[in-house]
Amino acid sequence: MRRGILSLTAVGLLTVGGVAACGDGEDTGPGGATPKVGVILPDSASSARWETADRKFLQAAFDAAGIQADIQNAQGDKAAFQTIADQMITNGATVLMIVNLDSGTGKAVLDKAKSQGVATIDYDRLTLGGSAEYYVSFDNEVVGKQQGEGLVKCLADKGVQNPVVAELNGSPTDNNATLFKNGYDSVLNLKYESKEYTKGPDQSVPEWNNTEAGTIFEQMLTSTGGKIDGVLAANDGLGNAVISVLKKNNLNGKVPVTGQDATVQGLQNILAGDQCMTVYKAIKQEAEAAAELAIALAKGETSNVDTTVKDPESGRDVPSVLLTPKAIFKENVKDVVDDGYVTQAELCAGEFAARCAEAGIS
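Residues numbered from 1 in each chain as written. Predicted model: local features only at pLDDT ≥ 70, side-chain atom pairs only at ≥ 80, totals over all residues. Heavy atoms only, no water.

*Asks:* I'd like a description of the nonpolar core, backed by residues and values.
*Replies:* Ranked by size, the top nonpolar core spans 49 residues in total, and within it Phe62, Met97, Ile121, Tyr123, Leu267, Tyr341 and Leu347 carry the most contacts. Broken down by element, this core gets its largest block of residues, ten residues, from helix α9 (residues 283–298). Excluding residues within four positions of it along the chain, Tyr123 makes contact with Arg49, Trp50, Asp54, Leu58, Met97, Ile98, Val99, Val136, Ile283, Glu286, Ala287 and Ala290. Membership of the second largest hydrophobic core comes to 40 residues, among which are Leu155, Val187, Val231 and Leu232. (Core = buried A, V, L, I, M, F, W, Y, C linked by side-chain atoms within 4.5 Å. Buried < 20%, exposed > 50% of the residue type's maximum accessible area, 1.4 Å probe, protein only. Helix = DSSP H or I, 4+ residues; strand = E, 2+ residues; numbered from the N terminus. Contact = heavy atoms within 4.5 Å.)

*Asks:* So what about the state of the cysteines? Which residues, and what values?
*Replies:* The full count for this structure, using the stated rule, is one disulfide. Two residues, Cys348 and Cys356, share a disulfide whose sulfurs are 2.1 Å apart. Measuring handedness by torsion sign, the sulfur bridge of Cys348 and Cys356 sits at about -90° and is left-handed. Grouping residues by exposure puts Cys348 and Cys356 together as buried. (Disulfide = S-S within 2.5 Å.)

*Asks:* Please provide a residue-by-residue account of the packing of helix α4 (residues 140–158) against helix α5 (residues 175–193), values included.
*Replies:* Closest axis-to-axis distance for the α4/α5 pair is 7 Å, and the angle between their directions is 40°. For the element pair α4 and α5, the recorded crossing hand is right-handed. Two secondary-structure elements touch here, α4 through Asn140, Glu141, Val143, Gly144, Lys145, Gln147, Gly148, Glu149 and Val152 and α5 through Asn176, Leu179, Phe180, Asn182, Gly183, Tyr184, Ser186, Val187, Leu188 and Lys191. Residues of the contact of α4 with α5, tallied by class, amount to seven nonpolar, eight polar and four charged. (Axes fitted to C-alpha atoms, helices over the stretch in contact; angles between N-to-C directions. Left-handed = near helix turned anticlockwise from the far one by under 90°. Nonpolar A, V, L, I, M, F, W, Y, C, P; charged D, E, K, R; others polar.)

*Asks:* Can you tell me about the pairing of strand β10 (residues 230–233), naming the residues and giving the values?
*Replies:* Going residue by residue along β10, you find Gly230 and Leu232 tucked away on one face and Val231 and Ala233 tucked away on the opposite face as well. Across four bridges, the pairing between strand β8 (residues 164–169) and β10 is parallel. Each residue of the ladder has a partner; that of Val165, found in β10, is Gly230. (Pairing = 2+ DSSP bridges.)

*Asks:* Tell me about the packing of helix α1 (residues 49–65) against α9, and please be specific about residues and values.
*Replies:* Relative orientation of the contacting elements α1 and α9 amounts to 40°, with a least axis distance of 9 Å. Judged by the inter-axis angle, α1 sits oblique to α9. Crossing handedness for the pair α1 and α9: right-handed. Packed against α1, whose contacting residues are Arg49, Ala53, Asp54, Phe57, Leu58, Ala61, Phe62 and Ala65, the element α9 presents Ile283, Lys284, Glu286, Ala287, Ala291, Ala294 and Ile295 at the interface. A breakdown of the residues in the contact of α1 with α9 according to their chemical character gives eleven nonpolar, no polar and four charged. (Parallel < 35°, antiparallel > 145°, perpendicular 65-115°, else oblique.)

*Asks:* Can you tell me about the side chain of Thr258, naming the residues and giving the values?
*Replies:* Considering the arrangement of structural elements, one finds Thr258 in the loop between α7 (236–248) and α8 (264–272). Here the side chain of Thr258 touches Ala233 through a polar contact of 2.8 Å, landing on its backbone oxygen. Setting aside residues no more than four positions away along its own chain, Thr258 makes contact with Gln147, Leu151, Val231, Leu232, Ala233, Asn235, Gly239, Gln275, Cys276 and Met277. (Polar contact = N/O pair within 3.5 Å; in protein donor to acceptor, adjacent residues only side chain to side chain.)

*Asks:* I'd like a description of the sheet that holds strand β5 (residues 95–98), backed by residues and values.
*Replies:* Strands sit in the order β4-β3-β5-β6-β7-β13-β12 across an open sheet of seven strands; the sheet is mixed. Lying at the two open borders of the sheet, with one neighbouring strand each, are β4 (68–73) and β12 (307–310). With direction set aside, neighbouring strand axes in the sheet form an average angle of 25°. In the sheet, strand β3 (residues 36–41) pairs with β5 via four bridges, with the strands oriented parallel. Across the sheet, the residue bridging to Gly38 is Leu96, located in β5. This element, α9, spans β3, β5, β6 (119–123), β7 (134–138) and β13 (317–323) of the sheet and lies at about 170° to β6.

*Asks:* Outline the packing of aromatic side chains, listing residues and values.
*Replies:* Within this structure, the stated rule accounts for two aromatic pairs. Both rings, one in Phe180 and one in Trp208, keep their centres 6.3 Å apart while their planes meet at 70°; by these two values the pair is edge-to-face. Of this pair, Phe180 sits in helix α5 while Trp208 sits in the loop between β9 (198–204) and α6 (210–223), placing them 28 residues apart in sequence. Pairing Tyr280 with Tyr341 gives two aromatic rings, centres 5.2 Å apart and planes at 55°, and the pair type is tilted. Residue Tyr280 is located in strand β11 (residues 278–280), and its partner Tyr341 is located in the loop between α10 (333–338) and α11 (344–347); the two are separated by 61 residues in the primary sequence. Pair check on accessibility: Tyr280 and Tyr341 agree, each one buried. Over the ring of Trp50 we find Arg49; its NZ or CZ atom is 4.0 Å from the centre of that ring. (Phe/Tyr/Trp six-rings, centres within 6.5 Å; stacked < 30°, edge-to-face > 60°. Lys NZ or Arg CZ within 6 Å of the ring centre and 35° of its normal.)

Read these as geometric descriptors, not functional statements.
See the structure below:
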């Protein structure tokens, strides 16, 4: 991966022949046709973000530019994913933006779109072997590294000696999950090799299924005789599944658990002391960067980006926009609220009002 990561200050500065790709007042595509963008989100079960954040931020960006957008969710169904793509192409989408469910399905959709002259963007997840013209995401190895470093901090804060660490990884068909694991293993493997930590169970969760994650973690806890001192959970949904099991065993708050996505549930778990950290990815920035590229493509333009990511399957260098994530602990949960990603009202409802006040969220 070549660095040169664009922060959101770069969004709005992507250029088309020296002219900003967005905000030029035009609302027609090639041949005077009205531009239309199709967006396929993956599900709403693995993470709340797809419906609560990505959808609204993408829609807002397209609306502001006067671009028609058809945003649909495949709800984890690969057949539905392909059907939605076919319908979008048939209905005149000039750009297709996807969050793949797996690279095989994603590649088939991207290749079909390309064969019909539809421009394509990989959003958040890179489709291995795919043909997307752009890839917009976060630096996902950095996300994983922040998780690993976060767990190290949380274990140190608790003064745990020679902790047994369990790893609950994301879906094996999601390239992001691979990158997250590369990141946190780069931190944790050093601890295992030095014998500071003991490597415990290490398992992936098919399709990021939170229910299955709970079953897997319960088996992990049983197999170690209850001896798990820290859990690297790859996102907040998996983390909450772990916490539910820990609660049944009166271990919540005693065993540090990581997360990712800064969901309301994840942040509440942090305020409650049951989750030690999460990783905040400014989805608004990601959505606006992707929308800017899509709008330019819909108008028959191309944008210049200064970063590429190498597709490990095809070897292709994919023009990319990569944003920088942020580690969130109890002391800086307020940052996520201040950024507008979650509201004080939803985070601080009911029993969490007092916890928010303690964290300076008022």
